[in-house]
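Examining the three-dimensional arrangement
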Amino acid sequence: MAATSPSPMITDLHRAGAASDVFAGAARLAAPPAIPAFARRRMTTGLPEVSEVDVVRHFTRLSQESHGVDNGPYPLGSCTMKYNPKRNDALAALPGFAHAHPMQDADTLGGVWEMYERLQAMICEVTGMDACCLAPAAGAHGELAGLLVIRAHFAKLDDRRPIVLVPDSAHGTNPASASMAGFDCRIVPSDLKGRVDIVALREMLTPDVAAFMLTNPSTLGLFEDQIVEIADAVHANGSLLYYDGANLNALMGIVRPGDMGFDVVHVNVHKTFSTPHGGGGPGAGPVAVKASLAAYLPSPVAIRRNGVAQRDDDRPLSIGRMKSFHGHVAVLLRAYGYLRTMGAAGLRQASENAVLNANYLQHQLAPMLPPVYDQFCKHETLLSGEKLNTSARQFAKRLIDYGIHPPTLVGAGCVYFPGDLKSAMLIEPTETETKASLDYQVEIFQRVFNEDTNDQALVESAPVSRKTARIVLDN
Ligand SMILES: *Cc1c(COP(=O)(O)O)cnc(C)c1O
C-alpha cells in the first residue's frame, strides 16, 4: 500500500517543532532498569504481524459473534440482562476511581468510602433494611454472606439450627449457598397457583430451622401474596427470612422486602441497578440486614463519623472478609450512578415499566404460548410450549436465528422447576425495551410459531445462522 501523505495538521506540528519536542522529552527520561537475563525471552513469540485495521476488524467481528443487550433483545427470564447505560462507563473511568490502587492506604480513598457510604444508604432505603455491606462479588456470593450472618446470629444465641428451607421454584444458587454455609437444605413445595404451599411450610418449620430463603416475586414471575403470613410463621418459629433480591427490579419504589418481613437481603446489582453482567468478571452482590444483625455483616463497611465517610474494620462480631481489598469499586460506582440518575421516582417507574412490558408480552404471546399461570405477572412470565409441535427448547433456539436471545427454558432436561411442567420458557423483556421493540419481538415469535406449524424440520435444526450451530448427538 502506498504511503499516504501526512495530514496538514501533522505537517504543521512538524513545522512548529512540536512533535520533535515530544520525542526529545521522551529521550530525556531515565532508561528503565534492564530486565535480568534469566527473565528475557530466548525465542520469538510467533505472534502474527498484522496491521491496526486487521486487529480492529478481528476484534469487532469477535465482539459481534456473541449476543448482548447492545445488539438485540435479551428477554432472558430470571437473570435479567438490563441495559448498561454508557454514562455509567464514563463514571467508572473517572481517573480518581480508575487509577486508585488496591494497595493504596484506605485513608487516601476518601471518595471511594464516600460513594460506598451513600450507596449502602440507598440500598438500605430501597430494600427497607438498616445496614449494608457492598463487598460480596455476585448474588450467589451475597447469599453466602447473608447465610453466614444468619449462622453467626444463631451461634451467638447458642441456638443450634442446622436447616435452611428453600421453595422448589428457588434458583439453584439458594440450596448451593445454604450448603456452602454449612446448613442442610429442605425443599418447600409450591401450591397449584405457583405460590409457597403455606400448609407444607408450617409443617416444615421445626425448631431446628434457621431460615427460609425466598425471592419475591418468585422465579415464576408471581408475587407471593401470602408473604405477611409466611413472615409471621417464620418469625413465630424463631427463624429468619432471607430475601433473594434477584427479582427486586419488579418492586423498586413500590414495596420493600424489609416491610414484608424479610431480615436479610442480597441485591444483584447487575439485575437491578444496570451494571454489566460481567461475563464471568467482577460483579457485586451487596448484602443488607435489619439492625439486629448488623454487627455480623462482613467487613469492611463504610461508616460516617463526624460527617466523614470512612472504612470501618473494628467490628468484632463480623463474619469477616468476603472479598479482598475494597470490593468491586468500578461495578459499585456504576450502580451508584444508576441510582443517582434514576432517583426514587425513576426507580419506581423502572419497576412499573418492567411489569407493564412483561404483561404486554404475556398478553400478545398468549395465543401461541399461553401463560402457565393465567394471571397478571410481575417483571417476567412463564409461557407454556404445550401448543408447539416441536418444543419450547427448539422454539427458543430458532429465536437465535432472528437475533433474539433465547429465554430461559424450563421443564424436562432444562432448568429444574416445580411440578410436572414439561416445556415452558421464562420471558423477561425488561423496562428498557420500547413498545416498537416489543412488537418486533412478538412478530418474530409469530414467525417462529408459523414455522413450527409448517416446517418443523427447520425449527428442529435451529440455530442455523450462527457460527456455532447445534451439537448433533449420535444416538
Ligand atoms: C441470578 C439469580 C441468583 C444468583 O445471582 P448471581 O448474581 O448470578 O450469582 C439467585 N437467585 C435468583 C432468583 C437469580 O435469578
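Computed from a predicted structure; not experimentally measured.

Conventions adopted
Counting starts from 1 at the beginning of each chain's written sequence and moves along it residue by residue. Per-residue local features are limited, in this predicted model, to residues with pLDDT of at least 70; the limit for side-chain atom pairs, both in listing and counting, is 80 or more; totals at the level of whole chains, interfaces and linings are taken over all residues. Working from all heavy atoms in the structure, the side-chain values ignore hydrogens and water. By definition, two strands form a pair when at least two bridges between them are found by DSSP. A run of H or I in DSSP becomes a helix once it reaches four residues, and a run of E becomes a strand once it reaches two; helices and strands are each numbered from the N terminus. As a rule, the C-alpha atoms of each element are fitted with a line to give its axis, helices using only the stretch in contact, and angles between N-to-C directions run from 0 to 180 degrees. Any two residues having at least one pair of non-hydrogen atoms within 4.5 Å are treated as being in contact. Note on exposure labels: buried denotes an accessible area under 20% of the residue type's maximum, exposed denotes more than 50%, and partly exposed covers the range between, all computed with a 1.4 Å probe on protein chains only. Look down the strands so they point away from you; if going from the first strand over the helix to the second traces a clockwise path, that crossover is right-handed. As a per-residue quantity, pLDDT reports the predictor's confidence and falls between 0 and 100. Note on ring pairs: Phe, Tyr and Trp rings are taken, using the six-membered ring of Trp, and paired if centres are within 6.5 Å. Classes follow the plane angle, with under 30 degrees stacked, over 60 edge-to-face and the rest tilted.

Spatially, the 7 strands line up as an open sheet ordered 1-7-6-5-4-2-3, and their pairing is mixed. Of all strands in the sheet, those bounded by a partner on one side alone are strand 1 (131–133) and strand 3 (184–188). Taking each pair of neighbouring strands and ignoring which way they run, the sheet shows an average axis angle of 20 degrees. Helix 8 (residues 173–180) rests against strand 2 (163–167), strand 3, strand 4 (209–214) and strand 5 (240–244) of the sheet, and its axis sits at about 175 degrees to strand 2. Of the strands in this sheet, strand 4 and strand 5 are in contact with helix 10 (residues 227–236), which crosses strand 5 at around 135 degrees.

So, on to the pairing of strand 2. Here strand 2 lies mainly inside the structure; 5 of its 5 residues are buried. The two faces of strand 2 match: Ile163, Leu165 and Pro167 on one face and Val164 and Val166 on the other face are all buried. For the crossover from strand 2 across helix 8 to strand 3, the handedness is right-handed. As paired elements, strand 2 and strand 4 share 3 bridges and run parallel to each other. Bridging across to strand 4, Leu165 finds its partner in Phe212.

Moving on: the confidence of the model for the chain. Averaged over the chain, the pLDDT score is 89; the fraction of residues at 70 or greater is 89%. Low confidence marks residues 1–14, where pLDDT is under 50. Its contacts with residues over four positions away, or in another chain, come to 4 contacts.

Per the stated rule, a full pass over the model turns up 4 aromatic pairs. Where Trp113 meets Tyr116, the ring centres are 5.4 Å apart and the plane angle is 85 degrees; that geometry is what we call edge-to-face. With a gap of 3 residues between them, Trp113 and Tyr116 both fall in helix 6 (residues 110–127), about one helical turn apart. The pair formed by Trp113 and Tyr116 is uniform in burial state, with each residue classed as buried. A centroid spacing of 5.5 Å and a plane angle of 45 degrees characterise the contact between Phe395 and Phe445, whose relative ring orientation is tilted. Linking Phe395 in helix 14 (residues 392–401) with Phe445 in helix 15 (residues 435–454), this pair joins segments that are 50 residues apart in sequence. Phe395 sits in the buried class, given a relative accessible area of 0%.

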